[in-house]
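Observations on the model geometry
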Amino acid sequence: MGSISRGRNLGPGAGSGALPVLCGRVHQIGALGLIAATFLLTRAFDRLSYGGLASVASSAALFERAGALFWPDRGYGSRLDLKIYVYEEKEIDGLRELIRGRDGRISPDACVKGQWGTQVKIHQLLLKSRFRTINKQEADFFFVPSYVKCVRMMGGLNDKEINKTYVKILSQMPYFRYSGGRDHIFVFPSGAGAHLFRSWATFLNRSIILTPEGDRTDKRDISAFNTWKDIIIPGNVDDGMTKFYDSNVVQPIPLSKRKHLANFLGRAQGKVGRLRLVELAKQYPDKLESPELQLTGPNKLGRTEYFNHLRNAKFCLAPRGESSWTLRFYESFFVECVPVILSDQVELPFQNVIDYTQISIKWPSTRISTQLLEYLETIPDEMIEAMISRGRQVRCLWVYAPETEPCSAMVGIMWELQRKVRRFHQSGETFWLHNGSVVNRDLVEFHDWRPPVPLP
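Note on numbering: residues in each chain are counted from 1, in written sequence order. Confidence filtering applies because this is a predicted model: local features only for residues at pLDDT of at least 70, side-chain atom pairs given and counted only at 80 or more, and all residues used for totals across whole chains, interfaces and linings. Remark: hydrogens and water are excluded; side-chain values derive from all non-hydrogen atoms of the structure.

It is worth spelling out the packing of helix α4 (residues 118–127) against helix α15 (residues 409–418) at this point. Here α4 crosses α15 at 75°, and the two axes come no closer than 11 Å. Viewed along their axes, α4 and α15 adopt a mutual orientation that is roughly perpendicular. Contacts between α4 and α15 involve I122, L125 and L126 from the former and M410, I413 and M414 from the latter. Each residue belonging to the contact of α4 with α15 can be placed in one class, and the counts come to 6 nonpolar, no polar and no charged. Whenever a helix is involved, its axis is fitted only over the stretch in contact; in every case the axis is a line through C-alpha atoms, and angles between N-to-C directions fall within 0 to 180 degrees. Put simply, DSSP H or I for four residues or longer makes a helix, DSSP E for two residues or longer makes a strand, and each gets a number counted from the N terminus. To sort the angles, those under 35 degrees are grouped as roughly parallel, those over 145 as roughly antiparallel, those from 65 to 115 as roughly perpendicular, and the leftovers as oblique. Should any heavy atoms of two residues lie within 4.5 Å, those residues are considered in contact. Amino acids outside the nonpolar list (Ala, Val, Leu, Ile, Met, Phe, Trp, Tyr, Cys, Pro) and the charged list (Asp, Glu, Lys, Arg) are all regarded as polar, and Gly is one of them.

Here it is as structure tokens:
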């Protein structure tokens, strides 16, 4: 039986019959000098390369002079070097339905807007990525595109259809069975997380999930997020506010001219923390603004009006809603107010490079009261300006920009993925023989596996 290649092969080791070489002191000194020179040259090259690394102590140390993003040298490698295979829409029967709905009428343009647009943006950016490969055998990861949140919201598929379609497409992916899904990437962009696929715990419990949501236990027995395998991603901030770090919707207001100490722009949704903020705003309207948001009708708060309100306070409050994450946290960095997190179980992206104590405040949700407003009033404007300034440096990580940008959400995601690269893959349904052949339970070689394949 022949062997199957997955990933890069290591070079041959030294032969056991090699002759000993006599080294004198001069040879040893010369060798050490060569090693030192090689090390210094390598580090210098890495500094000039895309995405050079350094140990990060604060947000101010995130970037080198050229503007490239540093990533901590702890298990990530010295530079980005990974290959991702993106499944084609027509390649897998059923994948088109997860992207366009049962009738194929939902377009990517309809799904790219709003806070769940990451499902489209990540897919589109990967299709153009220099890390994309069309050779499955050399791929480190496999990306499974799906706009299922949008498709569901627009009536393209119901929950039962979504579940059935996911199971159908997975059964057509031999590489998914090969690794048990460990090298397959899925995006779930909303607070529901992977729960949009009801059988996620059975089929995706080993896969890599990209999601802004780290906790949804208020309505579920368990969270679909696993901190050891999944990656928290930023929410999708309105492109008009970011435009690669410069808003064309509204501009920040100087602190001295802002009308309110803090604001909360969101619906109460019957959540205790949000209801407390609404009551506080009624008691202290000069300090806390919390207008009632209308989603439809003549009093609907428009896009520009929303950001005009958001920028008119020093602190933007981000309480838990239906789930632990809120887009308001990310939006606050672009109107330049300090985000105050009022969601105890929230998970934040890229914690290996960002010290969130330097750019935000996290306050216990059990203490949403006048005590919160009193505390915020004690913070001098100089400290607020310093936090805003540090936030200005890292907000590029919230932007889904092309790879030509030295800092973006995609660059951050790539670094986090690189840390998860494995040279070897296996599952409970893969076996191997003395000659390196990978076979299934019936001893059929991998290259002869034909869909539908039994799922691990």
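Anyway, onward from the coordinates.
Next up on the list: the packing of helix α11 (residues 303–310) against helix α12 (residues 327–335). Where α11 meets α12, the closest approach of the two axes is 10 Å, and the angle between their N-to-C directions is 75°. Here α11 lies roughly perpendicular to α12, going by the angle between them. Each of Y306, F307 and L310 in α11 lies in contact with α12, whose residues at this interface are R328, E331, S332 and V335. In terms of residue class, the contact of α11 with α12 is made up of 4 nonpolar, 1 polar and 2 charged.

What follows concerns the sheet that holds strand β6 (residues 231–232). Strand pairing follows a simple DSSP-based rule, namely that at least 2 bridges must link the two strands. Reading across from one edge, β2-β1-β3-β4-β5-β6 is the order of the 6 strands in this open sheet, with parallel pairing throughout. At either margin of the open sheet sits one strand with a lone partner, and together these are β2 (132–133) and β6. Inspection of the sheet shows strand β3 (residues 141–143) paired to strand β4 (residues 184–187) by 2 bridges, in the parallel sense. Of the residues in β4, the one forming a bridge with F142 is H184.

Only rings of Phe, Tyr and Trp enter the pairing, Trp through its six-membered ring, and a pair is recorded when the two centres are within 6.5 Å. The plane angle decides the type: under 30 degrees is stacked, over 60 is edge-to-face, the rest tilted. For the coordinates displayed, the defined rule picks out 23 aromatic pairs. With centroids separated by 4.6 Å and ring planes inclined at 25°, the aromatic side chains of Y166 and F197 adopt a geometry described as stacked. Here Y166, found in helix α6 (residues 159–170), pairs with F197, found in the loop between β4 and α8 (200–203); they are 31 residues apart in sequence, far enough to count as distant. As far as the burial class goes, Y166 and F197 line up, both buried. Taking the centre distance of 4.9 Å and the plane angle of 65° together, the rings of F446 and W449 count as edge-to-face. Each residue is placed in one exposure class: buried if its accessible area under a 1.4 Å probe, protein chains only, is under 20% of its type's maximum, exposed if it is over 50%, and partly exposed if it falls in between. The buried category is assigned to F446, whose relative accessible area is 7%. Residue class for W449 comes out buried when judged on its relative accessible area of 5%. Each member of the aromatic cluster is reached from another via a ring pair, and the members are Y85, Y87, F142, Y175, Y178, F446 and W449.

What follows concerns unusual backbone geometry. In this structure, the amide linkage connecting P451 to the following residue, P452, adopts the cis form with an omega of -5°. Here P452 lies in the segment after β13 (438–439). Positive phi, close to 55°, is recorded for F350, a residue that is not glycine. Inspection of the secondary structure assignment puts F350 in the loop between β10 (338–342) and β11 (361–362). Judged by its relative accessible area of 4%, F350 falls in the buried class. Phi is positive for L443, close to 65°, though the residue is something other than glycine. The class of L443 is exposed, set by a relative accessible area of 54%.

Turning our attention to the side chain of K149. Within the secondary structure, K149 sits in helix α5 (residues 148–153). In this tally, Asp and Glu contribute negative charge and Lys and Arg positive charge; neither His nor the terminal groups of the chain are included. By definition here, a salt bridge exists when the distance from a side-chain nitrogen of Lys or Arg to a carboxyl oxygen of Asp or Glu is within 4 Å. Buried charged residue K149 carries no salt bridge. Nearest counter-charge: D159, at 8.6 Å. Excluding anything up to four places from it in sequence, K149 contacts W116, Q119, P189, S190 and L196.

The next thing to look at is the environment of G101. Residue placement: G101 occurs in the loop between α2 (95–100) and α3 (108–111). G101 gets classed as buried once you look at its relative accessible area, which sits at 2%. For the pair formed by G101 and L157, sequence separation is 56 residues and the distance between their alpha carbons is 5.8 Å. Here G101 is in contact with R96, I106, V151, G156 and L157, once residues within four sequence places are set aside.

This part is about the nonpolar core. With 58 residues, the main nonpolar core has I122, L210, F329, I354, W398, I413 and L417 as its most contacted residues. The greatest single-element share of this core, amounting to 7 residues, is contributed by α15. Other than its neighbours up to four places away in sequence, I354 contacts P349, I359, V394, L397 and W398. Residues belong to a common nonpolar core when they are buried Ala, Val, Leu, Ile, Met, Phe, Trp, Tyr or Cys residues joined through side-chain atoms within 4.5 Å. Grouped together as the second largest cluster of nonpolar side chains are 40 residues, I99, Y147, F176 and W449 included.

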